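# What the coordinates show
Take a look at the letters that make up each chain.
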Amino acid sequence: MKTIKLLSALGLMLIFMAFSSQPANNGYKVGDIATDFSLENIDGKMVSLSDYKDAKGFIVIFTCNTCPYAVAYEDRIVELDKKYAEKGYPVIAIMPNDTDVQPGDSLEAMRARAKAKGFTFPYVIDKGQKIYPQYGATKTPHVYLLQKTTKGNEVKYIGAIDNNYKDAKAVTERYVENAVDALLNNESIKVTETRAIGCTIKVKS
Amino acid sequence: MKRILVVLLLVCVSCKDTSGSKNTEAQEMQVPELHLQELQVVDYDGLEPYLNQDDNTLHVVNFWATWCAPCVKELPYFEALASSYDNIEVLLVSLDFPNKYETKLIPFIEKYELKSKVIALDDTDQNRWIPAINESWSGAIPATLIYKGQKRKFYERSFTQNELKTEIEQFLN
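Okay, so let's go over this structure.

Calculation rules
- Positions within a chain are numbered from 1, following the residues in the order the chain's sequence is written.
- Think of it this way: whatever chain is written first is A, whatever ligand is written first is 1, and the rest follow in order.
- Only residues with pLDDT of at least 70 are given local features in this predicted model, and only at 80 or more are side-chain atom pairs given and counted; all residues enter the totals for whole chains, interfaces and linings.
- To get the side-chain values, take all heavy atoms of the structure and skip hydrogens and water.
- When a carboxyl oxygen of Asp or Glu is within 4 Å of a side-chain nitrogen of Lys or Arg, the pair counts as a salt bridge.
- Here a strand is any run of E in DSSP of at least two residues, a helix any run of H or I of at least four, and the numbering for each starts at the N terminus.
- Note on classification: 1.4 Å probe, protein chains only; a residue is buried when its accessible area is under 20% of the maximum for its type, exposed when over 50%, partly exposed between these limits.
- We call two strands paired when DSSP finds no fewer than two bridges between them.
- The contact criterion used throughout is that any non-hydrogen atoms of two residues lie within 4.5 Å.
- All axes are obtained by fitting lines to C-alpha atoms, using only the stretch in contact for helices, and the reported angles, taken between N-to-C directions, cover 0 to 180 degrees.
- N or O atoms within 3.5 Å of each other form a polar contact, as long as, within protein, one can give a hydrogen and the other can take it, and as long as residues adjacent in sequence are counted only when both atoms are side-chain atoms.
- Whenever a pair of cysteine sulfur atoms sits within 2.5 Å, that pair is classed as a disulfide.
- Reported buried area values correspond to the accessible surface (1.4 Å probe) lost by two parts on association, with both partners' losses combined.
- Side-chain classes follow a simple rule in which Ala, Val, Leu, Ile, Met, Phe, Trp, Tyr, Cys and Pro form the nonpolar group, Asp, Glu, Lys and Arg form the charged group, and the remainder, Gly included, forms the polar group.

A few words now on the pattern of salt bridges. Residues and elements named next belong to chain A. Following the criterion strictly, the structure yields 14 salt bridges over all chains and no others. Here Asp100 makes a salt bridge to Lys204, at a shortest N to O gap of 2.9 Å. Remark: Lys204 occurs in the segment after β10 (198–200) and Asp100 occurs in the loop between β5 (91–95) and α3 (107–117); sequence separation between them is 104 residues. Asp100 sits in the exposed class, given a relative accessible area of 58%. Members of the salt-bridge network, linked through shared partners, are Asp98, Asp100 and Lys204.

In C-alpha cells, the structure reads:
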C-alpha cells in the first residue's frame, strides 16, 4: 500500500514537472549534437539529414503556414536556401504544429504554400511531434544552424533569422547569414543565440 | 517614447434625405456614435515602466496578438480578473504588426469591448527586449508577467481560467 502511495506521489510529481518546466530550458544548447530524423516532405518522400552526403551542415527552420511571423520570413528563407544550399548549408524547413489544432498547416496546405512561394527546399512535417521537442523549438519561426562534425550534426546557432521581422530592407543584423558565413570561413560565430517573437507551436490541449 | 495616436472617426451618416430615391445602403448601416479611439504605441523603453511599478498593486502583463489563437482564447480570463480581485491591474501588450493596428487590433478591441488597458509594442529589436523582460523567454506568445513589488513570475505558456486563478492567488496570499 505504501509503495502505491509513493508511486502515485512520484507519478504526480512527474506530471507536475512535465507541465511546469520551462520549454526554453529543455532542448538543445549551442554545442549539442542534434538528432537526425525521417520526416515526410510535401512530395511524399521521407527526408533525413543523412540523405545529404555532400552537405557541410543545415539551416533547420521550424516554420509554418499560419504564423504571421513565419509568413513575414518566407521570402527570406527562400533567399537563405538559394544563397547557402550550393555552399553546403541547405535549408530544411520543418512544420511542427498539430494539424488538427491548426488545419491551415496540413500537408496539403503546406504543399500549396510551398508552391505559391517557390520553396526550393524540403518542407517536412513533424507528424507525431517527436522532433521539435528534442530540438527545443518553442515557436515558429525558430532556426537551428547545424554543422556536420565527426560527432554528428552540432548545433552552432539558435534563434531568429535577422533583427527585423517587419522589413527585410531595414535589417541591420543577419544572424543566420553571419553564422553560416563564419562557419564557411572557419571563424567563430559572434552571436550564437538570439530571441524573437513567434507563434507557439500548436499541440492538442 | 514613440507615441502614435490612431484616431478613428466614424462619421455619422446623415439621414435627412427624405427624397423618394432611398439609399438602402445607408439605411442598413448601423449608425455608430461618434467616438474616438486612442491606441498607445510604445517601444521597449516606453513599455519598461509598466513592468516595474513598485506599488501595492498586483500587475498582470499579458503579451498577445490578435493573430495568436491561444492568446485570444485566454483573453477573457485576463479580462475577468479586474472584477474578481481588488488591487489588480491588467495590461494587455499587443504584438500585432503595426500595419494591422487599424484593420485588426482596434476593431478587435472594439468588438470584444476590452476593458483592460491595451498597449501596442512596436520594437523590432526583439533580441534586446525579450531577454530584458525575462531571461528564460524564448519569444513564443502567449506569455505573461505577474508581479507585485519585488515578487515576479514569468510564464511562457497559455492558461485555463483555473490555472490563471491559481497563479494570481499565489501572489495574493
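Next comes the rest of the account.
Residues and elements named next belong to chain A. Within the open sheet, the eight strands sit side by side as β1-β9-β8-β4-β5-β6-β2-β3. Their pairing is mixed. Bordering the open sheet on either side are β1 (33–34) and β3 (46–47), each of which pairs with just one other strand. Relative to strand β8 (residues 142–149), strand β4 (residues 57–62) runs antiparallel, the two sharing six bridges. Paired with Phe58 across the two strands is Leu146, which belongs to β8. Here α3 sits on the sheet in contact with β2 (39–41), β5 and β6 (123–125), set at roughly 170 degrees to β6. Across the sheet, helix α5 (residues 175–184) lies against β4, β8 and β9 (152–159), angled at about 5 degrees from β8, the strand it touches most.

Let us now look at the sheet that holds β10 of chain A. With mixed pairing, three strands are arranged side by side in an open sheet as β7(A)-β10(A)-β5(B). Across the chains shown, the open sheet's two edge strands, defined by having one partner strand only, are β7 (139–140) of chain A together with β5 (140–141) of chain B.

Below, the discussion takes up the side chain of Asn65 of chain A. All names here are of chain A. Following the sequence through the fold, Asn65 ends up in the loop between β4 and α2 (68–84). Of note is the side chain of Asn65, whose polar atom sits 2.9 Å from the side chain of Tyr123. With residues up to four places along the chain from it excluded, the contact list for Asn65 reads Val71, Gly104, Asp105, Ala109, Met110, Arg113 and Tyr123.

Residues and elements named next belong to chain A. The full count for this structure, using the stated rule, is two disulfides over all chains. At a sulfur-sulfur separation of 2.0 Å, the disulfide partner of Cys67 is Cys199. A torsion of 75 degrees about the S-S bond marks the disulfide between Cys67 and Cys199 as right-handed. Of the two residues, Cys67 sits in the loop between β4 and α2 while Cys199 sits in strand β10, which places them 132 residues apart along the sequence.

Chain B puts 23 residues into the contact, and the matching count from chain A is 22 residues. For the pairing of chain B and chain A, the buried interface totals around 2,100 Å² over both sides, and the portion due to carbon and sulfur atoms is 55%. In this structure, the connection of chain B to chain A is made through two salt bridges. Between Asp122 of chain B and Lys166 of chain A there is a salt bridge, and its shortest N-O distance comes to 2.8 Å. Applying the counting rule to chain B against chain A returns 10 residue pairs in polar contact (both at pLDDT 80 or more). The set of elements that each furnish at least two residues to the side of chain B that touches chain A consists of α5 (126–133) and β5 of chain B. Ranked by residues supplied to the side of chain B that touches chain A, first place goes to α5 of chain B with five residues. Residue composition of the side of chain B that touches chain A, grouped by class: 13 nonpolar, seven polar and three charged. Looking at chain direction, β10 of chain A and β5 of chain B are connected through two bridges and run parallel. Of the residues in β5 of chain B, the one forming a bridge with Cys199 of chain A is Ile141 of chain B.

By themselves, these observations are geometric and do not establish any function.
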